[in-house]
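Inside the fold
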Amino acid sequence: MTHDTLLTLSVFVLLTPLLSFMINIFFGNKLGRLSGVVGTTILGIDLLMAALIAFSKLVTYGGEHIIQTRFEWFSPGSYAISVGYGIDNIAAIMLMVVTLISFLVHLFSTIYMEGDRRYPKFYAYLGLFTFSMLGIVMANNFLMMYIFWELVGISSYLLIGFWYEKDSASNAGKKAFITNRIGDLGFFAGIMILFMTYGSFMFEDIFAGIASGTLPFNNPTMLTLAGIGIFMGAMGKSAQWPLHVWLPDAMEGPTPVSALIHAATMVAAGVYLVAKVFWMFTADALTFIAIIGTITAFVSATIAITQVDFKKVLAYSTVSQLGFMIMSLGTGGYTNGFFHLVTHAWFKAALFLAAGSVIHAMHHAMHHMHDHHSDPQDINNMGGLRKTMPWTYRTFLFVTLALAGIPLTSGFLSKDGILAGTLAWAKLTGGWHWIVPVMAFTAAGMTAFYMFRLTIVAFHGEPKTKIAGHTHENPVRIVLPLVVLSVLSVWFFYSPNPIDASVGWFHARVVQPETAVPAAYQWEFLIQDHQAAPAENHGSHHALNALQEETHHYHYLAMFLSLLIAGTGIALAFAIYQYKLISADALEKRFKKLHTFSYNKWYFDELYHATVIALMLAVSKAMAWFDSVVVDGIVNLSAGLATVAGKVTGLFDHVVVDGAVNLTARVTGFFGSRLRKLQTGNIQFYVVMLLLGVILLFYFFV
Amino acid sequence: MTDITPFTTHLLQSMQAFVPETALIVTFLLALAADLIWKKQRHISGYMALAGFIVTGFLLVQQQSVTGITFSGMLVIDHFGIFIKWVILLSAMLVVLFSFISGELHQAYTRLGEYYILIVGMVFGMFLLTGASNLVMIYLAIETMSISSYILSGYTKFVRRASEASMKYVIYGAVSSGVMVYGFSLLFGLTGSLQLHDIGAYLQQHSVDNLTLLMAGIMILAGFGYKISAVPFHYWTPDVYEGAPVTITALLSVASKAAGFAAMLRFFRLAFTAPFTAVDADWTVIGSIDWHFVLAVLAVLTMTLGNLVALWQSNMKRMLAYSSIAHAGYMLMAVAVLNDTGVAAILIYFFTYMIMNLGAFLIVQLVADKTGSEDLEAYSGLGYRSPLIGVALTVFLISLTGLPPTAGFIGKLYVFTSVISAGYVWLAIVGVLNSVVSLYYYVRVIRNMYLRDVESQGSKITFTPAVLALVLLLAVPTLILGIWFGPLVDWANLSMAITAFH
Amino acid sequence: MDLTTLAFYFFAALTLGFGAVVVMSRNILHAAFSLLFTFFGIAGLYVLLFADFLAITQIMIYIGGILILIIFGVMLTTHITGVDVKSGRTGSIQLGGAVLVTLALAATLIIIATGTAWNESPAPEVTSTAELIGTSLLTRYLLAFEAASMLLLIAIVGAAFIARKKN
Amino acid sequence: MEIGLSHYLIISALLFSLGLYGVISRKHAVMVLMGLELILNAANINFVAFARFGGMNMDGQVAAVFVIILAAAEAAVALAILLNIYQHFKHVNLDEVDQMKE
């Protein structure tokens, strides 16, 4: 395939989902049930084309940075605005991720959405979303990136609020929309700073400008600010703390949507954006990114521990994993961050689709038993699904292992890389930066714990309700996507060595770009040593910078630590949930009372003495006090920790984030309400104001 | 007796450049006659008006290459004026089409003779205003369009609200134009001329008293500001927009505003910036008054007040009235830079604004005819009751907000670009903040349509295919212009130079 | 003090004095008749300014046309026999505002009027301005002249429509 | 003292202000219209005075002619509209015609 063929084909890949949207929005009512078939078929074709492109780019042109095209769009004033699109290696990989998951979700939904009265519209929105997402992937300039960014926002708004009859769903849609606007404001500001300096929206122009030493307003701080502004856009889309609040609420959308948007693709757009413009972040901007990512990863992991809604657990886990990716990028671990995006996309989509499968089965059982009150998503209504839904369980278990980071899974490879990277970064930068790896490892441990808690409570043991006992495995169109996605989570697809990803094709093809930022404003260790690595050594034999060298050193330590921590988490989950359920036939309340303080204390001490430093001890005392106050069924300290963290973040959301939004509304509203009083309805008063206007303007400008 | 041959030659040439306006006069008279002859035909004068507008359009096409100063300097024909004339003509045509299907008008009258006739008269006045280059001509043209619009805004005279609107309009308009004429007289006293070119030339060669010039300028701005609804000369706008028939509100919000902007730009170009250069992208302001700043302050006041008060409106027409004030503010930003790029930006903005604003008003009209209400509540669940109308209104509102990929985005983009490239970054920032505020109240309507009162969605609202076609006629270009706007931009760039040489 | 000066002060007093009565009188008919004298005073000022044609026009159109129109308006919108013929003033706050704004504007305009170097040049001797105005109207201002007739036509059509009682 | 330009301008300024005062302060709409006439006449005095002292510049007088014509047209239309208001409200007090506001 020549460059031109590849670029032409990309246009088809981009536009095909739009075709699906058009067909379903205009002829959806005529098509009826057929719209699912049409949508799925179109996406299938799209997937094949995308695969062709990805294969061609990665295999044939793997060494080339990007295959792209640009053309002048229009020229307002003295500027000439160019736009274009291009495929680089990460775009090629993203093409695969987006089209494959979108295809599987289309397939899955033919069963899941069956009988919904807006079935065709659902497929239309899916098409629109896929189109917009592909637009983001292919954009090689900020202008198109921004346009498709907003399109993605709108289509996800439509999908989250798809069941708008539910107040919670339409509110969630709004919340997502508004929260994202806050991030986009920063994004826009960042783009404008760059545009005003370099007069172009094209990535290549801007990076070339930075590399040539031109800084926005001749000020390195402005470059940092531009980077942070653009990152704010990513914070919104990728649900980074403190803008993460919308994502868990967005679970009100149909579950396949959650899999597509809130697990695999849209939320990854922010991470993708950061990777795409990785060239231009200064050391300060990167540190900021790392901190936000770390906080996100940690905070949302603590929250996930106590959730009882099947999808909410997965939602917080997603936020947490996105935090890992952002943290990795922020600490300079470009390859590992993006790697985690890809591996996570597969297994998180699988988790959500499995959740969909469970919920669908629960619904059916409820319907069968004429039960319309129970919550089909409450894990305390489940249990024993292992026997009734064996395939869902098997796939779920495997991808849970992947998420927990157990060897032989893809999740192990990527997460291990990230953790090693944070260690290396902390070593190189030193000081308080060590808190980043500490929090990262803690979050990784909690991940293993809450995922196994979920698995055990929902799938193991005896059915907790009659409904759970009456569930049945779903048809093949639901199970097949699960299997496909699980298989993709096997290590083998990324690296021949199950414990080292750096020998695989992924690390060879996704190479950390050379930073465009002048050396004075960039981490020393991110700058390639050209003496050691001759220029022709690109592609698979690229030169390593200091950070990458250091990451290699930490590889085995990180692996050991993360396995230890994940293992502890899993063991705890089994100890608490599995073991107790078996040992005690008593009711759940009694079960909780049986487990005395001492056991929990022990767990707490164990966890924290092993991992957390003195600072956390003080927190733990507060936790203990808090525990005794909140008598109501907080059974262990990790849950207490989670509650506090949740409350703090909740407080932050309410007071600071909501407060900021409300304040803006109040201030504008206040002035608006005063100004409108001037419109008294009395024409003579208007004339007075006119004359007053003349006089005041005159004396103002004198 | 002096030789009058040169004058007659000039007059004949001028008449050739005056063909479109002549066509409007003929249309006016024919429609008047037709209305008297065929008393049974409800729309006969409307058809005449539409036909006349189409003929005028053809004649405008013929004129595309004409540039010149006609009628002893009373009227200038140039590309800039022709662009604005197209905006006026197209919006008048669309409003006539809206009127054919308006229930509001037809409930009140069996015949609408004077209605269409006065629209023609108003268009004639606006055409004069776009070319007027003499103070007397400006005053005359403003009065011609104003008198038509006073009557038209109270055309449904059995409706209390309309009568009130009409009365407020006439009094406010009369005071504004009185103040403006007083300003004209001061300017005349300073420069001894009524001719804009001569005023500019005089000001360039002589230094005049700044205070007086400022006072004259502000008094004149009061007149223009009244036409374009700029704060603090906007007070009539919400009341008149609310009370007038919605078709007339639509016409006032686009065509009459366009004419006002044209006159204002031409006035500043000829009288207050240095003339005598054919191609002069950056105009040089004469004298020591910083007109850039004066206009920038007006722009900030206008868009801020418009947006803030719009937040509080529950009547769609009134909300769109405040929104139109805000849009005048955005355009005033591009006036404030006082250069050709700014003019091009305004032209682009106006073209997009015409489509999206008329579209929004059309839907207000349709909904009011079906539900009998202009209240925001009437839009609850509209997205399900009439999907196409809901989608179209969403497109218009998104475009009014200025989000991509709609026409409104392009308009805003060019305005902001022109403002930023002229160095007024603070002004652009205020503009962007204002756009964010405007999102609140535009989205509120969309939310009402899709997320509120879903229970009542049972009652579908249906429209005839002709009506839906009219809606699409506006909605589709709103989207297309958001992506494919090269020709529009080229056209605007061709038209941005205001004839400033003698 | 020569005759011209005397005439000026007479007409000025006529104009402003009756002008004040117009806006202050509580009786509408008094106001309307005061307006007549104001217009007359202005016509006198025009004569002093060598604008004989305008002075005639002022008397013809204003006094013969507009004023009659206004008196008709008074008749049609007021019950002559009742108390309605008196017009109250608007609320006191607004009245205060009106006074302030008016005074401020008047002061500013007077400062400007007296303090500005206007574009002045000695006037040549003119016998009648009617011919000059006529020539101007039919040459330089031909378009304005024709457009004004359009405007009057529009005004007639519109006013006739809106004042008509029946549909 | 010689009667000069500024004398006329002062008269005009005062008349202008009187007219504005009338427009703002009178309830009865017809009186407001009278105020409007004063405003326009004030502008006219300016035009004519500038014409006289600017070297008999006839442009000023022509402008005044047009202002008179337009004042007539405007008065006719305004009165017609007032009659219509009278039909609705049975009075023409402007401060009571304020249904639409804010």
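Residues numbered from 1 in each chain as written. Chains lettered and ligands numbered in written order. Predicted model: local features only at pLDDT ≥ 70, side-chain atom pairs only at ≥ 80, totals over all residues. Heavy atoms only, no water.

Before going further, it helps to examine the overall build of chain B. For chain B, the count of helices and strands is 21 helices and two strands. For chain B, with 502 residues in total, the buried portion stands at 71%. Sequence separation of 24 or more characterises 80% of the internal contacts of chain B that already satisfy a separation of 6 or more. Counting every atom, chain B has about 13400 Å² of accessible surface; 68% of that belongs to carbon and sulfur. (Helix = DSSP H or I, 4+ residues; strand = E, 2+ residues; numbered from the N terminus. Buried < 20%, exposed > 50% of the residue type's maximum accessible area, 1.4 Å probe, protein only. Contact = heavy atoms within 4.5 Å. Areas by Shrake-Rupley, 256 points an atom, 1.4 Å probe, with all protein chains shown as cover.)

Now for the interface of chain D and chain C. For an interface, size is often stated in terms of accessible area lost upon the parts coming together. The interface of chain D with chain C comprises 66 residues on the first partner and 82 residues on the second. Together chain D and chain C conceal approximately 6600 Å² of surface at their shared face, both sides included; 78% is due to carbon and sulfur atoms. At the boundary of chain D and chain C, one finds one salt bridge. Joining chain D to chain C, the criterion identifies eleven residue pairs in polar contact (both at pLDDT 80 or more). Elements with a contribution of two residues or more to the side of chain D that touches chain C: helix H1 (5–25), helix H2 (29–53) and helix H3 (58–89) of chain D. The greatest single-element share of the side of chain D that touches chain C, amounting to 24 residues, is contributed by H3 of chain D. Broken down by class, the residue content of the side of chain D that touches chain C amounts to 47 nonpolar, 13 polar and six charged. (Buried area = accessible area lost by both parts, 1.4 Å probe. Salt bridge = Lys/Arg side-chain N within 4 Å of Asp/Glu carboxyl O. Polar contact = N/O pair within 3.5 Å; in protein donor to acceptor, adjacent residues only side chain to side chain. Nonpolar A, V, L, I, M, F, W, Y, C, P; charged D, E, K, R; others polar.)

Inspection of every chain in the model, using the stated rule, returns 57 aromatic pairs over all chains. Between Phe231 of chain A and Phe288 of chain A, the aromatic rings sit 6.0 Å apart at their centres with planes inclined by 90°, giving edge-to-face as the arrangement. Pair noted here: Phe231 of chain A is in helix H8 (residues 220–237) and Phe288 of chain A is in helix H12 (residues 283–304), with a separation of 57 residues, a long-range link. Between Tyr115 of chain B and Tyr155 of chain B, the aromatic rings sit 5.2 Å apart at their centres with planes inclined by 65°, giving edge-to-face as the arrangement. (Phe/Tyr/Trp six-rings, centres within 6.5 Å; stacked < 30°, edge-to-face > 60°.)

Contacts between the two partners involve twelve residues from chain A and, on the opposite side, 14 residues from chain D. Both sides together, the interface formed by chain A and chain D hides about 980 Å², and carbon and sulfur atoms give 60% of it. Interface area lost by chain A to chain D is led by Gly681, Gln684 and Leu691 of chain A, which between them contribute 45%. Here chain A is connected to chain D by zero salt bridges. Where chain A touches chain D, the interface holds three residue pairs in polar contact (both at pLDDT 80 or more). For the side of chain A that touches chain D, the elements supplying multiple residues, two or more each, are helix H26 (637–677) and helix H27 (683–701) of chain A. Considering each element in turn, the side of chain A that touches chain D owes the most residues, six residues, to H27 of chain A. For the side of chain A that touches chain D, the residue count by class is five nonpolar, five polar and two charged.

The next thing to look at is the confidence of the model for chain D. Residues and elements named next belong to chain D. Overall, the predicted model of chain D reaches an average pLDDT of 89, with 99% of residues at or above 70. Per-residue pLDDT, averaged within each element of chain D, yields its smallest value for H3 (91) and its largest for H2 (93). Here the complex is predicted with pTM 0.65, and the ipTM for its interfaces comes to 0.91. (pLDDT = per-residue confidence, 0-100.)

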